[in-house]
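# Architecture and fold: a report
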Amino acid sequence: MAVITLASGKGGVGKTLAGIILGAALAAEGVDVALLDADPNKGAYRWATTTYGGTNKLGAYAEAETERLAELVPELADRHAIVIADTAGFGNRSTVICIGAADGVLVPATPGEGDIVEAERMVAFVQATGRSIRRDIAVRVLGNRIRRATTLSRHLLSQIDALGLPRLSTALSEAVAYGELGFLPALPTTGHAAEEIAALITELRALEWLPATPSDTNMYARLT
Amino acid sequence: MAKALKSVVRPDAAALRKLASADPAIPPAVMPSIGSEVINFRVASSVVDQLDAAADAEGTTRKVIITRALEKAGFRIPQPDLEDRTPRRRRPRRQAG
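This text gives an overview of the structure that appears in the document. (Residues numbered from 1 in each chain as written. Chains lettered and ligands numbered in written order. Predicted model: local features only at pLDDT ≥ 70, side-chain atom pairs only at ≥ 80, totals over all residues.)

## Details of the overall build of chain B
Definition in use: In DSSP terms, a helix is any run of H or I states spanning at least four residues, a strand is any run of E spanning at least two, and both are numbered starting from the N terminus. Between the buried cut of 20 or more and the exposed cut of 12 or fewer other C-beta atoms within 10 Å of a residue's own C-beta lies the partly exposed class, and all C-beta atoms are placed from the backbone.
Scanning chain B from terminus to terminus reveals 3 helices and 0 strands. The order of α-helices and β-strands along chain B, N terminus first, is α-α-α. In chain B, buried positions account for 6% of the 97 residues.

## Digging into the interface of chain B and chain A
Put simply, the rule is: It is the C-beta atoms, placed from the backbone, that decide contacts: two residues are in contact if theirs lie within 7 Å. Each residue is assigned to one class: nonpolar for Ala, Val, Leu, Ile, Met, Phe, Trp, Tyr, Cys and Pro, charged for Asp, Glu, Lys and Arg, and polar for all the others, Gly among them.
Facing 19 residues of chain B, the contacting portion of chain A comprises 25 residues. Each residue belonging to the side of chain B that touches chain A can be placed in one class, and the counts come to 12 nonpolar, 2 polar and 5 charged.

## Description of the nonpolar core
To keep things clear, this is the line we draw: In this usage, the nonpolar core is the set of buried Ala, Val, Leu, Ile, Met, Phe, Trp, Tyr and Cys residues whose C-beta atoms join them within 7 Å.
Ile21(A), Val33(A), Val73(A), Ile82(A), Ile97(A) and Val107(A) are the most contacted members of the largest nonpolar core, which totals 81 residues. Top contributing element to this core by residue count: helix H1 (residues 15–28) of chain A, with 9 residues. Look past the residues within four positions of Ile97(A) in its chain and what remains in contact with it is Thr66(A), Leu69(A), Ala70(A), Val73(A), Leu16(B), Leu19(B) and Ala20(B).

## A short note on the pairing of strand S2 (residues 33–37) of chain A
All names here are of chain A. Short version of the rule: Any two strands are treated as partners once DSSP identifies two or more bridges connecting them. Clockwise travel from the first strand over the helix to the second, with the strands pointing away from the viewer, marks a crossover as right-handed.
Of all 5 residues that make up S2, 5 are buried, and the element is covered over most of its length. Going residue by residue along S2, you find Val33, Leu35 and Asp37 tucked away on one face and Ala34 and Leu36 tucked away on the opposite face as well. Relative to strand S3 (residues 58–62), S2 runs parallel, the two sharing 5 bridges. Across the sheet, Val33 pairs through a bridge with Leu58, a residue of S3. In this fold, S2 hands off to helix H2 (residues 43–51), which returns the chain to S3; that crossover is right-handed.

## A look at the packing of helix H4 (residues 93–100) of chain A against helix H1 (residues 13–20) of chain B
The description of two packed helices rests on the angle between their axes and on the distance between the axes. Basically, it comes down to this: To get an axis, a line is fitted to the C-alpha atoms, and for a helix only the part in contact is used. The angle between two axes follows their N-to-C directions and goes from 0 to 180 degrees. Here the word oblique covers every angle except those under 35 degrees (roughly parallel), over 145 (roughly antiparallel) and from 65 to 115 (roughly perpendicular). The handedness criterion is simple: a crossing whose near helix is rotated anticlockwise from the far helix by less than a right angle is left-handed, and one whose near helix is rotated clockwise is right-handed.
One way to put it is that H4(A) packs onto H1(B) with a least axis distance of 8 Å and a crossing angle of 130°. As the angle between them shows, H4(A) and H1(B) are arranged oblique. As for how H4(A) packs across H1(B), the hand of that crossing is right-handed. Residues Arg93(A), Val96(A), Ile97(A) and Gly100(A) of H4(A) form the contact with H1(B), whose participating residues are Leu16(B), Leu19(B) and Ala20(B). Residues belonging to the contact of H4(A) with H1(B) are distributed by class as follows: 5 nonpolar, 1 polar and 1 charged.

## A few points about unusual backbone geometry
All names here are of chain A. Residue Arg134 is not a glycine yet carries a positive backbone phi of 55°. The residue Arg134 is located in the loop between helix H5 (113–132) and strand S6 (138–143) in this model. Among the residues examined, Arg134 registers 13 C-beta atoms within 10 Å and is labelled partly exposed. Despite not being glycine, Arg145 shows a phi value in the positive range, around 55°. Structurally, Arg145 can be placed in the loop between S6 and helix H6 (151–162). On the neighbour-count criterion, Arg145 (23 C-beta atoms within 10 Å) is buried.

What follows is the structure, given as structure tokens:
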């Protein structure tokens, strides 16, 4: 019933990683999740169908073709409690569909000048899309590969704030566990990565992008 | 002037398709298949008889009858495949009266 889209016009910023994390973390709680891969590379779909070893609450779908995706997204939103949509790292019609159908859009950004420019562009695009279809589509930048002790990471976050871009206070670090995740069937349960994933879920809950509890169906009614 | 009240309803498939094609400069994530292919399949003669009867009644082809039925069943059929593209000189002459 709620759709969260991962979007950025730039590749390699962490859209698929964030999608896998959200999908697997919610499925582990018993939430009925659809992980929809709208990226022709199908990275999230491949992980969910060949590597993931968790609950059957995580349904995996891959569709990047415009016409079929336009049919599939509303259908999945009706059928599942949460739809996590991963998109390709370039401007394309499938991403537009996933943004138009979203209740919330996460825009990952890693420390780099290009990521800041792209985050600003994507936030503006999400807001313009919401205006064009008269829907409130929430949007937040999600810092990725952040090492808070470094000047570069602090600069990225300060630049995002200076541009007035809404961002999550939670950020994902450079933990090796995220790289390992592509080869592992489940999310890490200990260490920095596990703490960050828990903090991400908690913050999204506070924003009411996610259910307060897996059975909090009223929350979904509020979102949709 | 009417107020632009915000919608809480998620756009349906038609609205999402319209949104996706609003800016023609934005490309599809995957390019649609182009070109055409020949398909050839065996069916019972009774099916062919029905196709011929329907096609003759409309002065069209078996292919048009089939593609139109596919479109009705939900398949996306390009417009040229829904038309009788037989060269005029090769079409059977209709009998007068």
